[in-house]
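Observations on the model geometry
Take a look at the letters that make up each chain.
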Amino acid sequence: MRSLLTVLIAALVVSGCALSPQRIEVDPQVRVKASNVGHNRSIQVLGVDSRGKNEFGSRGGVYDETALLIPSNDIKAVIADTVRNGLQSLGFNAFNPGGDATTLEVRLEQLDYIPEPGSVVNRVDLNLVLQAEARRGPTTHTGTYKSSVEHKTPFTPSLAQNRQMINDILAKAIERLLQDPEMLAFLAGADFPGDSE
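Analysis parameters
Residues numbered from 1 in each chain as written. Predicted model: local features only at pLDDT ≥ 70, side-chain atom pairs only at ≥ 80, totals over all residues. Heavy atoms only, no water. Axes fitted to C-alpha atoms, helices over the stretch in contact; angles between N-to-C directions. Helix = DSSP H or I, 4+ residues; strand = E, 2+ residues; numbered from the N terminus. Parallel < 35°, antiparallel > 145°, perpendicular 65-115°, else oblique. Left-handed = near helix turned anticlockwise from the far one by under 90°. Contact = heavy atoms within 4.5 Å. Buried < 20%, exposed > 50% of the residue type's maximum accessible area, 1.4 Å probe, protein only. Phe/Tyr/Trp six-rings, centres within 6.5 Å; stacked < 30°, edge-to-face > 60°. Lys NZ or Arg CZ within 6 Å of the ring centre and 35° of its normal. Salt bridge = Lys/Arg side-chain N within 4 Å of Asp/Glu carboxyl O. Core = buried A, V, L, I, M, F, W, Y, C linked by side-chain atoms within 4.5 Å. Expected span 1.5 Å × (residues − 1).

1. Considerations on the packing of helix α2 (residues 75–89) against helix α3 (residues 159–178)
Look at α2 against α3: their axes get within 10 Å of each other, and the N-to-C directions meet at 40°. It follows from the interaxial angle that α2 and α3 lie oblique. In this structure, the crossing between α2 and α3 has a hand that is right-handed. Between α2 and α3, the residues in contact are T82, V83, G86 and L87 and I174, L177 and L178, respectively.

What follows is the structure, encoded as structure tokens:
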């Protein structure tokens, strides 16, 4: 029993000393209930990564400056494709928009992965801000979707766990965008969806 405990402590110490970088495939799995709220209105979707850095954050540990979490694919394209597929499921024409299409720009303003201080990481906080701006002629409608999540783990998170955490928080924000009644109303043609009758 004592030798097993020694091995576990040694493993924790080693894992806390030096963590290697991880490349994260961004692939949020968004759930959308199919409907025809869009009435085939044309939407031109643009994805933007407005963050000032490429990495999501560091995995922590003693050498946190090298233990970075880095996206392995194009975040802008992933966001645009995910939103486009969601809008298509809601009855919008997001794949072949015409010249009169409403433009929907979806910007990832923040996606931060923050490990707890110290050599052993058992808690990770994620903070995300997604902003959507829809434009039709001179009229604009915006929505902001924020998330903060705390994850507690018995050991330093693995690549699979980190990928899951990052994709989950991004998927939830995109789902909120696709469920925002005022944004959907604007995209469907209502210029002032928040106004009362």
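On we go.
2. Quick notes on the side chain of N167
Mapped onto the elements of the fold, N167 is located in helix α3. The exposure class assigned to N167 is buried, which follows from its relative accessible area of 8%. Discounting residues that sit within four places of it in the chain, N167 has contacts with E25, V26, D27 and P28.

3. Overview of the packing of aromatic side chains
Going through the model one piece at a time under the given rule, you end up with zero aromatic pairs. When the ring centre of F186 is taken as reference, the NZ or CZ atom of R136 above it lies at 4.1 Å.

4. Thoughts on the pattern of salt bridges
Scanning the entire structure with this criterion turns up twelve salt bridges. The salt bridge involving R136 is made with D191; its shortest N-O contact spans 2.8 Å. Note that R136 is positioned in strand β6 (residues 123–136) and D191 in the segment after α4 (181–187), a separation of 55 residues in sequence. Looking at R136, the relative accessible area reads 14%, which means it is buried.

5. So, the nonpolar core
One finds F56, V83, L87 and L104 to be the most contacted residues of the largest nonpolar core, which totals 40 residues. Secondary-structure elements contributing two or more residues to this core are β2 (43–49), α2, β5 (102–115), β6, α3 and α4. Element by element, the count of residues in this core is highest for α3, at eight residues.

6. Topic: α3
Its 20 residues place the ends of α3 28 Å apart at the C-alpha level, agreeing with the 28 Å of an ideal helix rising 1.5 Å per residue. Here α3 has its buried residues at N162, M165, I166, N167, I169, L170, A171, A173, I174, E175, L177 and L178.

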